[in-house]
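The primary structure of each chain is shown beneath.
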Amino acid sequence: MSGRIFQRITNVLKKHQLKNSFFGKTISLRNIGTSKETEAVMLKDFGDPRKVLSLEKILVHHPSDDEVLVKMLMAPINPSDINMIEGTYHIRPKLPAIVGNEGVGEVVEIGKKVKNMKPGDWVIPAEAAWGTWRQHAVTKENMLLKIDNDIPLLSAATIMVNPCTAYRMLKDYVMLEAGDLVIQNGANSAVGQCVIQLAKEWGIKTINIIRDRPDLESLKSHLNQLGATHVVTEEFVRTPEMKELINSYNQKPKLALNCVGGKSATELVRFLKEKGTIVTYGGMSKKPLTIPTGALIFKEVKIVGYWNTQWNFEHRDSNEKKDMYKNLCNLIRDCKLIPSPSELIPFTNYQVAVDKSLEGFQNQKKVLVMQE
């Protein structure tokens, strides 16, 4: 099994040119007995992620009748993880807590009453705050969702948050058809890159706004390769040329996706068509939305928010959710939905990964890879 896992990681590294400081080492699985030691990243007090986390040994027991033993394989570091550690996220886990909202693991052992999982299956958490930053876990079967294990490991580890957020925002708020126009800020974010790829697959045109930066042309090229129709900077949006770009279409955007807030969100509203919708799913600028009164009265613009955690909670066991994961996995297999560029970092070097995640202008998502 270790060879298969290693080969998947190797394939992902070659395809996406990811950095991996432990490349060449074998990832092994131990034979877990009744009670064995494993390691987990623990949070005992909310605060600065550089100071409040610790790697600790914990015990895992033999799974009971309705439990499964999971060997965690990969877990990304998302902004929601950082916010949860700081104590600023809407969810505050009871402390002490194991950190990590997203990730993928492999079922190693099952209880005798477990019906829907078997050793070798890949699983992801059914809910947020499950605690993915650990090597092993014993948990109830209903706390996990089975995910296809014939997709790249990195895709499986990062499917729960960003692809689902992009999918739901494009599906749930406006009836979009091929040829329609969507505008978004923060287009280089992991969600933004998923939006670009899904929109391309569904024939939807996208105007993608990013901040100016030293590697601007390289980033534009990357987003264009993913399928972006247009990539422009925040500065360009405030020029007459942006209005000309919008006017070059016979329609204005029906949908705007906002993860920045502040003036950037105001600009999105300005370009929306009448009765268009702006969906806010983040606030990277930490500034409130300022919506012109005229946009509400005369354009009847709709302002809504999306929170992936809430959607998952409300649709926990729904067919809609199962269909979404099936569709996403099909796109991943067809290489039509690839994860954002990532740097793979050994689990035991979690603090390095956290430190890098706190730096500005991130070009690569930091992903923890568990090893023993």
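Everything here concerns the structure above.
I will try to describe carefully the structure that is included in this document. Quick caveat: nothing in here was measured; it's all calculated off a predicted structure.

Analysis parameters
Residues numbered from 1 in each chain as written. Predicted model: local features only at pLDDT ≥ 70, side-chain atom pairs only at ≥ 80, totals over all residues. Heavy atoms only, no water. Core = buried A, V, L, I, M, F, W, Y, C linked by side-chain atoms within 4.5 Å. Buried < 20%, exposed > 50% of the residue type's maximum accessible area, 1.4 Å probe, protein only. Contact = heavy atoms within 4.5 Å. Helix = DSSP H or I, 4+ residues; strand = E, 2+ residues; numbered from the N terminus. Salt bridge = Lys/Arg side-chain N within 4 Å of Asp/Glu carboxyl O. Pairing = 2+ DSSP bridges. Axes fitted to C-alpha atoms, helices over the stretch in contact; angles between N-to-C directions. 1 Å grid on protein atoms, 1.4 Å probe; cavity = no way out; pocket = protein on both sides within 12 Å on 5 of 7 lines; lining within 4 Å. Points joined across faces, edges and corners; volume = space filled by probe spheres on them. Nonpolar A, V, L, I, M, F, W, Y, C, P; charged D, E, K, R; others polar. Arc of directions from axis to C-beta.

1. A short note on the nonpolar core
Met-74, Val-104, Ile-147, Leu-257 and Tyr-325 are the most contacted members of the largest nonpolar core, which totals 48 residues. Here Tyr-325 is in contact with Ile-124, Leu-145, Ile-147, Ile-159, Met-160 and Cys-164, once residues within four sequence places are set aside. Counting residues in each nonpolar core, the second largest holds 27 residues, with Val-70, Val-99, Val-114 and Phe-347 among its members.

2. A closer look at the pairing of strand β16 (residues 342–346)
Among the five residues of β16, five are classified as buried, and the element is accordingly described as predominantly covered. Of the two faces of β16, the one lined by Ser-342, Leu-344 and Pro-346 and the one lined by Glu-343 and Ile-345 are each fully buried.

3. Here we look at the pattern of salt bridges
Charged atoms that come close allow side chains of opposite charge to pair. This structure, assessed with the given rule, holds 18 salt bridges. The shortest N-O distance in the salt bridge between Glu-343 and Lys-356 comes to 2.8 Å. Linking Glu-343 in strand β16 with Lys-356 in helix α13 (residues 350–357), this pair joins segments that are 13 residues apart in sequence. Exposure remark for Lys-356: the relative accessible area of 26% places this residue in the partly exposed category. In this structure, Glu-343 engages Lys-366 in a salt bridge whose closest nitrogen and oxygen atoms are separated by 3.0 Å. A residue pair is termed long-range when its members are at least 10 positions apart, and Glu-343 in strand β16 and Lys-366 in strand β17 (residues 365–369) qualify at 23 residues. Judged on exposure class, the residue Glu-343 and its partner Lys-366 are both buried.

4. Side note on the sheet that holds strand β14 (residues 277–280)
With parallel pairing, six strands are arranged side by side in an open sheet as β12-β11-β10-β13-β14-β15. Two strands lie at the open edges of the sheet, namely β12 (230–233) and β15 (302–305), each paired on one side alone. Strand-to-strand, the axes of this sheet are offset by a mean angle of 20 degrees, without reference to chain direction.

5. What about empty space enclosed by the protein?
For the structure shown, the criterion picks out one cavity of 30 Å³ or more. By volume, the largest cavity is sized at about 120 Å³. Taken together, 14 residues line the largest cavity, and the ones lying closest to its centre are Thr-158, Pro-163, Cys-194, Pro-339 and Ser-340. When residues of the lining of the largest cavity are traced back to their parent elements, those giving at least two are α4 (162–172) and α5 (190–201). Partitioning the lining of the largest cavity into residue classes produces eight nonpolar, five polar and one charged.

6. Considering the side chain of Thr-233
Looking at where Thr-233 falls in the secondary structure, it is placed in strand β12. If we skip the residues at most four places from it in the chain, Thr-233 touches Ile-209, Ile-210 and Leu-216.

7. Here we look at helix α2 (residues 79–86)
Along α2, the positions that sit buried rather than exposed are Ser-80, Asp-81, Ile-82, Met-84 and Ile-85. Just downstream of α2, Gly-87 is the residue with a positive phi angle, here 90 degrees.

8. Regarding helix α8 (residues 240–247)
Buried within α8 are the following residues: Met-242, Leu-245 and Ile-246. Angular distribution of buried residues about the axis of α8 spans 95 degrees; they occupy a single face of the element. Pointing more than 90 degrees away from the buried face of α8 are the exposed residues Pro-240, Lys-243 and Glu-244. Structurally, α8 contributes buried residues whose contacts are with β10 (181–184), β11 (205–210), β12, α7 (234–237) and α9 (262–271).

9. Here's the deal with the environment of Leu-337
Examined against the element boundaries, Leu-337 turns out to sit in the loop between α12 (319–333) and β16. It is 8.7 Å that separates the C-alpha atoms of Leu-337 and Ser-155, two residues lying 182 residues apart in sequence. What Leu-337 contacts, discounting residues up to four positions off in sequence, is Pro-163, Cys-194, Gln-197, Leu-328, Leu-331 and Ile-332.

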